[in-house]
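What follows is each chain in one-letter form.
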Amino acid sequence: MTVAARSTANQPADPTTHAEAVPGQWIRACALADLAIGRGAGVLGPDFEQAALFRIPAVETDREAVVGRTRLYAIGNIDPFARAAVLSRGVTGDRGGEPTVASPLGKQVFSLRSGICLDDEAMSVPSYAVRVVDDIVEVYFQRR
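Residues numbered from 1 in each chain as written. Predicted model: local features only at pLDDT ≥ 70, side-chain atom pairs only at ≥ 80, totals over all residues. Heavy atoms only, no water.

Per an unreviewed UniProt entry, the protein carries the name Nitrite reductase small subunit NirD and comes from Gordonia aquimaris.

Structure follows, in structure tokens:
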């Protein structure tokens with residue numbers, strides 16, 4: 001699990017800047033080069049909220065797919081079936097062009113784009129925004 005200190009440069013989003021802005025905070029996770037392609041990493045956010053951060057190859061169905069290009073995704077790290085913080089250790093893949101991660105415990109498959117469980121759509125995990133600033137990956141945690 002990567003524990004990131006709060007950055008003073010990235011203040012919580014100001015809801016007055018955009019009518020649909022969601023208040024929250026960008027958390028610095030790690031250097032982009034430190035993320036292994038096809039593997040996950042845990043990120044600890046405010047109030048001990050956990051995200052699973054993934055860097056995976058861009059798939060052929062991705063209109064921006066170029067050889068060597070990767071995509072970043074972040075979803076909740078807590079497996080809702082096992083109630084354990086293990087999704088960052090799951091196996092990545094795709095199902096019909098949808099990037100996924102399979103829980104290492106129950107093998108349920110989750111969409112990396114939406115966090116919805118593809119094996120049981122009644123279950124899901126949160127999905128987080130991800131950005132790269134100066135080669136540092138940041139994950140956006142909404143204020144709860």
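Tell me about the overall build of the protein, residues and numbers included.
Secondary structure summary: the protein contains zero helices and twelve strands in total. When its helices and strands are written in sequence order, the protein yields β-β-β-β-β-β-β-β-β-β-β-β. Burial statistics for the protein: of 144 residues in total, 40% are counted as buried. The contacts in the protein between residues at least 6 apart in sequence include a share of 48% that link residues at least 24 apart. Summed over all atoms, the accessible surface of the protein reaches about 8200 Å², with 50% contributed by carbon and sulfur. (Helix = DSSP H or I, 4+ residues; strand = E, 2+ residues; numbered from the N terminus. Buried < 20%, exposed > 50% of the residue type's maximum accessible area, 1.4 Å probe, protein only. Contact = heavy atoms within 4.5 Å. Areas by Shrake-Rupley, 256 points an atom, 1.4 Å probe, with all protein chains shown as cover.)

Hey, could you go over the pairing of strand β4 (residues 50–57) for me, with residue numbers and the actual values?
Each regular strand carries side chains that alternate between the two faces of the sheet. Taking burial as the measure, the eight residues of β4 include six buried ones, the bulk of the element. Taken together, the six bridges between strand β3 (residues 39–44) and β4 define a ladder with antiparallel strand orientation. If you follow Val43 over to β4, its bridge partner there is Ala51. Following β3, the chain reverses through five residues before pairing antiparallel with β4; Asp47 in that reversal takes a positive phi of roughly 55°. Here β4 runs beside strand β5 (residues 70–76); their pairing, made up of seven bridges, is antiparallel. Considered in β5, the bridge of Arg55 is made with Leu72. (Pairing = 2+ DSSP bridges.)

Now, about unusual backbone geometry: what can you tell me, with residues and values included?
Residues other than glycine seldom take positive phi values, yet Arg83 does so here, at roughly 55°. Mapped onto the secondary structure, Arg83 falls in the loop between β6 (78–79) and β7 (84–85). On the accessibility criterion, Arg83 (74% relative accessible area) is exposed. Unusually for a residue other than glycine, Asp134 sits at a positive phi of about 55°. You can see Asp134 is positioned in the loop between β11 (127–133) and β12 (136–142).

Help me get a handle on the packing of aromatic side chains, residues and values and all.
Applying the stated rule across the entire model yields three aromatic pairs. Ring geometry for Tyr128 against Phe141: centres 5.0 Å apart, planes inclined by 50°, an arrangement best described as tilted. In this pair, Tyr128 sits in strand β11 while Phe141 sits in strand β12, placing the two residues 13 residues apart along the sequence. Of the two residues examined, Tyr128 and Phe141, each falls in the buried class. Sitting over the face of the ring of Trp26, Arg131 holds its NZ or CZ atom 4.1 Å from the ring centroid. (Phe/Tyr/Trp six-rings, centres within 6.5 Å; stacked < 30°, edge-to-face > 60°. Lys NZ or Arg CZ within 6 Å of the ring centre and 35° of its normal.)

Any chance you could break down the pairing of strand β2 (residues 24–31) for me, citing the residues and the numbers?
Within β2, six of the eight residues are buried, which leaves it mostly tucked inside the rest of the structure. As paired elements, β2 and β12 share seven bridges and run antiparallel to each other. Paired with Ile27 across the bridge in β12 is Val139.

Describe the sheet that holds strand β8 (residues 91–95), with residues and values.
Strand order across the open sheet formed by three strands is β8-β9-β10, with antiparallel pairing between neighbours. The open sheet terminates on both sides in strands that have one partner only, identified here as β8 and β10 (109–111). Each strand axis lies, on average, 40° off the axis of its neighbour in the sheet, ignoring direction. In terms of strand pairing, strand β9 (residues 98–102) meets β10 through three bridges, oriented antiparallel. (Axes fitted to C-alpha atoms, helices over the stretch in contact; angles between N-to-C directions.)

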